[in-house]
Amino acid sequence: STWIKLSGVSNGDNYRIFSSYTDSSTSFYIGFDSNRYYIYGENGNTVFAEYIGTSKLRDPSAWYHLVFAFDTTQSTAGNRLKIYKNNVLETLTVDHAVGQDEELELNRNGKTHYIGQEGSNGGYLSGYLAETVFIDGLQLDPTSFGEFDAGSPTIWKPKDVSGLTFGTNGFHL
C-alpha cells in the first residue's frame, strides 16, 4: 500500500514504485507510465507476470492510494494479484498470469529491493510516496490502510496502520 502524488509524467517514460532488480533479464516491479500502471515480472527473459491497470494516474495535484495485493496460493488466477486505486478494485488486463504457488522475485531472500526506482536501470519515480506499507504474509484490501472521511464521505484518506501485523520482512515508511 502506498499513497502517491506525481510531480509530472512524460510520455514514454517509465516510473517505478517498488522493484526487485537482479539484471535486465530478471526483475519484478510495480510501476506506471503515462498510459497505465502495472505489475511486471520476468526471470531469465521469461515473463511470468504482466498485469496492466485500465485507469490512469495523470493528475499531479491529487494523492492516489494504491494497494498491490499478492497471494499466489489462491486457486483462482484472478485472485492472485489485485490492484486497488482509491479503494476501488481495478479491472486488469492480464498478459501473463502468475501461476499458482509461483515464487515472485518480490520479497525473496538475497534480493535487493528498491523503492522509487528500478535498480541501476533507472526508472526513477517522479513524485512523492507517503504511508508506504509492505505486509509480508497477508493479502490485505484497501480498508486496512484507508477509510472514508466522516465529514466528506467521498474522500478516501489514510488511517492509522500501527495495529497491523507487518510480518517478518514487512515495513511502514
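Above this note sits the structure.
Scope of this entry: the structure provided in the associated data block. Remember, it's a predicted structure, so these values are computed and weren't measured experimentally.

Here we look at the overall build of the protein
- Helix and strand counts for the protein stand at 0 helices and 15 strands.
- In terms of overall dimensions, the protein has C-alpha extents of about 50 × 35 × 25 Å along its principal axes.
- When each of the 173 residues of the protein is scored for burial, the buried share is 43%.
- About 8600 Å² of surface is accessible on the protein, with carbon and sulfur atoms providing 44% of the total.
- Both charge centroids of the protein, one from 12 positive and one from 20 negative side chains, sit 5 Å from each other.

What to know about the packing of aromatic side chains
- A complete count under the given rule lists 9 aromatic pairs for this structure.
- Where Phe-148 meets Trp-156, the ring centres are 4.9 Å apart and the plane angle is 70 degrees; that geometry is what we call edge-to-face.
- Members of the aromatic cluster, joined through ring pairs, are Phe-18, Phe-134 and Phe-171.

Focus on the layout of surface pockets
- For the largest pocket, the calculated volume is near 620 Å³.
- Lining the largest pocket are 28 residues; nearest its centre among them are Phe-68, Phe-70, Leu-106, Phe-134 and Ile-135.
- If you tally residues by element for the lining of the largest pocket, the top one is strand S6 (residues 63-70), at 5 residues.
- Here the residues of the lining of the largest pocket are counted per class, giving 18 nonpolar, 7 polar and 3 charged.

Regarding empty space enclosed by the protein
- Throughout the structure, instances matching the rule amount to 1 cavity of 30 Å³ or more.
- Volume-wise, the largest cavity comes out at about 30 Å³.
- If you trace the largest cavity, you find it lined by Ser-1, Trp-3, Glu-131, Val-133, Phe-145, Pro-158, Lys-159 and Val-161.
- Split into classes, the residues belonging to the lining of the largest cavity amount to 5 nonpolar, 1 polar and 2 charged.

Topic: the side chain of Thr-2
- Structurally, the position occupied by Thr-2 is in strand S1 (residues 2-6).
- The buried category is assigned to Thr-2, whose relative accessible area is 3%.
- In this structure the side chain of Thr-2 is engaged in a polar contact, spanning 2.7 Å, whose partner is the side chain of Thr-132.
- Beyond its immediate sequence surroundings of up to four residues, Thr-2 is in contact with Ile-17, Tyr-64, His-65, Leu-66, Leu-129, Ala-130, Glu-131 and Thr-132.

Parameters and conventions
Residues numbered from 1 in each chain as written. Predicted model: local features only at pLDDT ≥ 70, side-chain atom pairs only at ≥ 80, totals over all residues. Heavy atoms only, no water. Helix = DSSP H or I, 4+ residues; strand = E, 2+ residues; numbered from the N terminus. Buried < 20%, exposed > 50% of the residue type's maximum accessible area, 1.4 Å probe, protein only. Areas by Shrake-Rupley, 256 points an atom, 1.4 Å probe, with all protein chains shown as cover. Lys, Arg positive; Asp, Glu negative; His and termini not counted. Charge placed at Lys NZ, Arg CZ, Asp CG, Glu CD. Phe/Tyr/Trp six-rings, centres within 6.5 Å; stacked < 30°, edge-to-face > 60°. 1 Å grid on protein atoms, 1.4 Å probe; cavity = no way out; pocket = protein on both sides within 12 Å on 5 of 7 lines; lining within 4 Å. Points joined across faces, edges and corners; volume = space filled by probe spheres on them. Nonpolar A, V, L, I, M, F, W, Y, C, P; charged D, E, K, R; others polar. Polar contact = N/O pair within 3.5 Å; in protein donor to acceptor, adjacent residues only side chain to side chain. Contact = heavy atoms within 4.5 Å.

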